[in-house]
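# Overview (structure and organization)
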Amino acid sequence: MQKITKEVYLKWYEDMLFWRKFEDKLAAVYIQQKVRGFLHLYNGQEAVLAGALHAMDLTKDKMITAYRNHVQPIGMGVDPRRVMAEMYGKATGTSQGLGGSMHIFSKEHRFYGGHGIVGGQIPLGAGIAFGDKYHNVDAVTICCFGDGAARQGSLHETFNMAMLWKLPVVFVCENNGYAMGTSVERTANHTDIWKLGLGYEMPCGPVDGMNPVKVAEAFDEAIKRARRGDGPTFLELKTYRYRGHSMSDAQSYRTKDEVKEYQKIDPITQVKEILLENKYATEADIKKMDKRVKDLVNECEKFAEDSPYPELNVMYDAVYDQQDYPFIEHKI
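Structural notes, computed from the coordinates. Note that the structure is predicted; figures quoted are calculated from it, not measured. (Residues numbered from 1 in each chain as written. Predicted model: local features only at pLDDT ≥ 70, side-chain atom pairs only at ≥ 80, totals over all residues. Heavy atoms only, no water.)

## Re empty space enclosed by the protein
Sizing a probe to match a water molecule and rolling it over the atoms shows the empty space that remains. Basically, it comes down to this: Put plainly, a pocket is an open set of points on a 1 Å grid over the protein atoms alone with protein on both sides within 12 Å along at least five of seven lines, a cavity is a set where a 1.4 Å probe fits but cannot get out, and a lining residue has an atom within 4 Å of a point. Grid points are joined across faces, edges and corners, and a volume is the space filled by probe spheres set on the points. The helix and strand labels rest on DSSP assignments: H or I over at least four residues marks a helix, E over at least two residues marks a strand, and numbering proceeds from the N terminus. In this count, Pro and Cys sit with the nonpolar residues alongside Ala, Val, Leu, Ile, Met, Phe, Trp and Tyr, while Asp, Glu, Lys and Arg are called charged and the others, Gly among them, polar.
One pass over the structure, following the stated rule, counts one cavity of 30 Å³ or more. Its volume calculated, the largest cavity comes out at about 50 Å³. Forming the boundary of the largest cavity are Tyr42, Val48, Leu49, Ala52, Met63, Thr65, Gln72, Ile142, Cys144, Glu174 and Phe219. For the lining of the largest cavity, the elements supplying multiple residues, two or more each, are α2 (46-55) and β2 (141-146). The biggest single contributor to the lining of the largest cavity is α2, with three residues. Along the lines of polarity and charge, the residues of the lining of the largest cavity split into eight nonpolar, two polar and one charged.

Quick look at the structure:
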């Protein structure tokens, strides 16, 4: 792993702040009904992505995740304007406006979604890794899911096969505490989700998901293990989301005071304090970065607003159609 230098902290601050403000803008335009459907925001969990990207080789490694998936492709290299446009359902979006919030995708940048089915990406992530191993591709797949998805039976089938075949995959549970709205304590006999890996003798453990340094170190070890052919790792990233499960979540399962307590260890604030304490940046430098972030978010919004909606035929072109399909007639 590259050394965590002044430049890394500067990049982390600006990247994480942009991801946060990008989604804050999405929340605002969602209320204005410019973005429709479901909207699941990542606010508070940015250290997971920042640390992971630092340990990954973005020229070949891959990532797949659930529906809380707006900022990951941006981190992987996708143009944020196209991500915003996809949210608006515009033709300039990453999927020509046909995917929307939960299905951001980029083959070019090796980001494979964005999946609306809870836990559906877990076997898919292992499948991507299987393909890389089969074709002798020196790549590692990062497969992320939430604490709610850890209850899916497909996780156990996938863990078993991944260990059996020593697949180059890192399984990541982003445990933000409440799944859709129910705490781990109420859904399982255990609260340490990482221990699920023990049953398969898979290297596993908990990680402070609010600290990008701790995240980067854990990912670096896991990625190196996978790349040298020693198989998968299961990491439980203990993090927290400041917003609800989705924009329609009333959050009646937690208090505002609890959210404020976690905001005291906000990953963006942590990195900002390191920048100032180590004199990596001045308050003036911070303000310049803040302005760049604000300007870029506004640029993304304008791009999405000004982009056209896709032509009607684009939607129909994406639907399979066979004129002579042999329908079976059921006679009574």
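## Brief notes about the pairing of strand β3 (residues 169-175)
This is how the line gets drawn: With a 1.4 Å probe rolled over the protein chains alone, any residue whose accessible area is under 20% of its type maximum counts as buried; one over 50% counts as exposed, and the rest are partly exposed. What makes two strands pair is DSSP finding at least two bridges between them. With the strands pointing away from the viewer, any crossover whose connection runs clockwise from the first strand over the helix to the second is right-handed.
β3 sits mainly inside the fold: seven of its seven residues count as buried. Alternating positions in β3 separate into two faces, Val169, Phe171, Cys173 and Asn175 on one and Val170, Val172 and Glu174 on the other, with burial throughout. When β2 meets β3, the two strands line up parallel, connected through six bridges. By the bridge assignment, Gly146 is partnered in β3 with Glu174. Read from β2 through helix α6 (residues 153-164) to β3, the crossover connection turns out right-handed. Pairing analysis gives six bridges linking β3 to strand β5 (residues 233-238), with the strands arranged parallel. Residue Glu174 lies in a different strand from β5, and its bridge partner there is Leu237.

## Brief notes about the sheet that holds β2
Threshold: With axes taken as lines fitted to C-alpha atoms, and helix axes fitted only over the stretch in contact, angles between N-to-C directions fall between 0 and 180 degrees. Here a residue-residue contact requires only that any non-hydrogen atoms of the pair lie within 4.5 Å.
Across the sheet, which stays open at both edges, the five strands sit in the order β1-β2-β3-β5-β4 with parallel pairing between neighbours. Single-partner strands in this sheet number two, and they are β1 (62-64) and β4 (204-208). Averaged over all adjacent pairs, the angle separating strand axes in this sheet is 25 degrees, with direction ignored. With respect to the sheet, α6 is in contact with β2, β3 and β5, its orientation differing from that of β3 by roughly 150 degrees. Across the sheet, helix α7 (residues 212-227) lies against β2, β3, β4 and β5, angled at about 170 degrees from β5, the strand it touches most.

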